[in-house]
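Secondary and tertiary structure notes
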Number of protein chains: 2
Amino acid sequence: MGVNKKDIFIRSLSGFIIGPVVVLSFLLYPTLIGLVTTIVMLASFEFIEMASQELKDKNVFKLFMTLLVGTASLIYGFAIEAEYQGILPFEAETIFFLAFFVLSFSVLLNIKDIRMAKKLISAGAISLLYISFFLSNFFMLHINYGSSMAILALTSVWMYDAAAYFFGLNFGKHKISPTFSPKKSWEGFIGGIFGTYVYIFLFEMIRNYLNFKNIINPFYMIFFAIMVGVFDTVGDLIESIFKRHYNVKDSSDILPGHGGLLDRIDGLLMVTPMWYFLLRIFWI
Amino acid sequence: MGVNKKDIFIRSLSGFIIGPVVVLSFLLYPTLIGLVTTIVMLASFEFIEMASQELKDKNVFKLFMTLLVGTASLIYGFAIEAEYQGILPFEAETIFFLAFFVLSFSVLLNIKDIRMAKKLISAGAISLLYISFFLSNFFMLHINYGSSMAILALTSVWMYDAAAYFFGLNFGKHKISPTFSPKKSWEGFIGGIFGTYVYIFLFEMIRNYLNFKNIINPFYMIFFAIMVGVFDTVGDLIESIFKRHYNVKDSSDILPGHGGLLDRIDGLLMVTPMWYFLLRIFWI
């Protein structure tokens, strides 16, 4: 496997610039909502664009769909907060149902071609569920466990990716899925989980030292690290399937050297809800 | 429009047999769970089968996917109940996330063809969201407002369909959507809403007389009747788009004379979550 040094440089550079901005946005709930909404819109735009490449003359409509999916995240963020304060008369999740209705209704009014209508409704539904709803689990993490826990979930995925990349590059021999993602190796997977465990351990040591609450104990960390590895890999493979089906290599070129934005968050989309779920079932 | 008398007879007959069984199953919460799970499995099987017609040799796998989608409804039904009793450590909606993970993971392990993998993951995600999650709103209606309200929501959709069919047949002139569903007329739509209003009015009069709580007042009924017309029509058109895209007329032949089961519940899928939402925002 040839590695381009310039690529790695650009990748590291944009990572070092964007990483801290993202982490800082996690500190306050309103900035987190803003960040999630932005990421959801960019990723949904890529996904909808990918699914409807043939539809050239409906850019305004695709933009409208993207805005709708983003708005669902935005309103959901505030709705969740209102629900926790007991002032929301309905379930916050209903936002996504309403968004699905508006989306389908707009497709019915605007798109006359049946094949495109089906593709846009599917792509919209998947964006709402898979991108908007799954990523919105950061709201739950933030409200229930504070910004430090949300940052730990986010950066654990980054750490897993970095460690898996390092171990895969140096020791990778046995492929996980030659069909869907030829670069992944079992060595990278195991090394990634190991790296993630060490990272969570250090992060929680510092949180503990600073008297934070809801510390994950070292035994439960094993489950978190393995989960990050499994769910990140599955999320990544799901996105690979969609990309290969639509014959695109990178979902877009928003982050230089990082492939598409969707490529960067595909693992996160699966890990975030599961991180929250593990915290809950372990009564942390 | 030619109407086949034998078709109408068979349609009415199977309706008269199945209708009461369905309504009776709504009386108790466990039987409602059983009914919803069954309907979700049958409808998902049709949907998955429709989306993956080329995949002939994987019937066991499709059956597994169907079972998984049904199981999600089943567990969700009990999880919702546990959540209302305060004994569920996590959000009940997480069930659908976990089901999506298991589904994607199984596709990755079992399907080697990228095109089919993408189709099955999409069809599974849409079945989970659109069929299983949307229809599961009957659980919310039942737990919060009792069986009579859930039965009202269900039968209002039947009443709308019957009234829209009657008015459309006798006065239908102006088509709603010639592209997606050539049979629908504005006259049927208006007549259907009118019929639904009258039905809700009579139903609530009886509920009121029997001292039931949470009666919808005659003014709010206007919104419910219009909503049933709009959401039923949109649900129906969405299903039309999927069917026409996959080149099938009826989604299956489970109910004689009724077309596919998915055809029978497509409107209900959209109306049920909205019915619950209206009850909530009107503080009923």
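Each value, and the rule that gives it
- Residues numbered from 1 in each chain as written.
- Chains lettered and ligands numbered in written order.
- Predicted model: local features only at pLDDT ≥ 70, side-chain atom pairs only at ≥ 80, totals over all residues.
- Heavy atoms only, no water.
- Core = buried A, V, L, I, M, F, W, Y, C linked by side-chain atoms within 4.5 Å.
- Buried < 20%, exposed > 50% of the residue type's maximum accessible area, 1.4 Å probe, protein only.
- Contact = heavy atoms within 4.5 Å.
- Phe/Tyr/Trp six-rings, centres within 6.5 Å; stacked < 30°, edge-to-face > 60°.
- Buried area = accessible area lost by both parts, 1.4 Å probe.
- Helix = DSSP H or I, 4+ residues; strand = E, 2+ residues; numbered from the N terminus.
- Nonpolar A, V, L, I, M, F, W, Y, C, P; charged D, E, K, R; others polar.
- Patch = residues over 30% accessible without salt bridge, like charges linked within 9 Å, V, L, I, M, F, W, Y side chains within 5 Å.
- Areas by Shrake-Rupley, 256 points an atom, 1.4 Å probe, with all protein chains shown as cover.
- Salt bridge = Lys/Arg side-chain N within 4 Å of Asp/Glu carboxyl O.
- Pairing = 2+ DSSP bridges.
- Expected span 1.5 Å × (residues − 1).
- Bend = angle between axes of the 7 residues up to and from the residue.
- UniProt positions renumbered as here; feature names shortened; annotations may be inferred.
- Least-squares fit on C-alpha atoms with pLDDT ≥ 70 in both.

To continue, consider the nonpolar core. Residues F138 and W275 of chain A together with F138 and W275 of chain B are the most contacted members of the largest nonpolar core, which totals 200 residues. Discounting residues that sit within four places of it in the chain, F138 of chain B has contacts with F26, L32, V36, A150, A153, L154, L268 and T272 of chain B.

What follows concerns the packing of aromatic side chains. Counted under the stated rule, the structure contains 56 aromatic pairs over all chains. Ring centres of F166 of chain A and F167 of chain A lie 5.5 Å apart, and the angle between their planes is 85°; on these two criteria the pair is classed as edge-to-face. Taking relative accessible area as the criterion, F167 of chain A reaches 23% and is therefore assigned partly exposed. Joined through ring pairs, the aromatic side chains of F97, F100, F101 and F105 of chain A together with Y130, F134 and F231 of chain B make up one cluster.

On to the interface of chain A and chain B. Taken together, the contacts link 47 residues of chain A with 47 residues of chain B. Summed over both partners, the interface of chain A with chain B buries about 4600 Å², with 84% contributed by carbon and sulfur atoms. Where the side of chain A that touches chain B is concerned, the elements lending two or more residues are α4 (94-110), α5 (114-135), α8 (218-245) and α9 (261-281) of chain A. Sorting elements by how many residues they give to the side of chain A that touches chain B places α5 of chain A first, with 11 residues. Of the residues assigned to the side of chain A that touches chain B, the class counts are 35 nonpolar, five polar and seven charged.

A cluster of nonpolar side chains, contributed by F194, V198, F201, L202, M205, I206, Y209, L210 and F212 of chain A, occupies part of the molecular surface with about 940 Å² of accessible area. Within the secondary structure, I206 of chain A is located in helix α7 (residues 186-209).

Attention now goes to the pairing of strand β2 (residues 181-185) of chain B. All names here are of chain B. Across two bridges, strand β1 (residues 175-177) lies against β2 in antiparallel orientation. In the strand pairing of β2, S177 is matched with S181. The loop that links β1 with its antiparallel partner β2 comprises three residues.

What follows is about helix α6 (residues 137-171) of chain B. Think of an α-helix as turning once every 3.6 residues; residues three or four places apart then point the same way. For α6 of chain B, with 35 residues, the first-to-last C-alpha span of 34 Å runs short of the 51 Å given by 1.5 Å per residue. Considering bend angle alone, the principal kink of α6 of chain B is centred on Y145 of chain B and spans about 135°.

This brings us to the UniProt feature "transmembrane region" (unreviewed entry) in chain A. Here the UniProt feature "transmembrane region" (unreviewed entry) sits at residues 15-48, 60-80, 92-111, 123-143, 149-167, 188-206 and 218-238 of chain A. Between the first and last C-alpha atoms of residues 15-48 of chain A the distance is 25 Å; the span itself is 91% helix and 0% strand.

What follows deals with the pattern of salt bridges. Pairing is possible between side chains of opposite charge, provided their charged atoms come close. Residues and elements named next belong to chain A. Enumeration over the complete set of coordinates arrives at 10 salt bridges over all chains. Here D236 makes a salt bridge to K184, at a shortest N to O gap of 3.0 Å. With D236 in helix α8 and K184 in strand β2 (residues 181-185), the pair connects residues that are 52 residues apart, well separated along the chain. When sorted by exposure, D236 lands in the same class as K184, which is buried. The partner of K243 in a salt bridge is D263, and the shortest N-O contact between them spans 3.2 Å. Placement of the pair is K243 in helix α8 and D263 in helix α9, with a sequence separation of 20 residues. Given the relative accessible area of 14%, K243 is considered buried.

Residue and element names in this part refer to chain B. Taking 1.5 Å as the rise per residue, helix α5 (residues 114-135) with 22 residues should run 32 Å; its terminal C-alpha atoms sit 30 Å apart, in good agreement. Maximal helix bending in α5 amounts to about 30°, located at S127. Among the 22 residues in α5, 21 count as buried, and that is most of the element.

Structural alignment of chain A on chain B gives an RMSD of 0.0 Å, achieved by rotating through 180° and translating 0.0 Å along the axis. Interpreted geometrically, this transformation is the action of a two-fold axis. A shared binding surface is used by both copies, with 100% of the interface residues of chain A retained as interface residues in chain B.

Residues and elements named next belong to chain A. Mapped onto the elements of the fold, S147 is located in helix α6 (residues 137-171). Classification of S147 by relative accessible area gives buried; the value is 18%. Not counting residues up to four positions away in its chain, the partners in contact with S147 are F26, L27 and H142.

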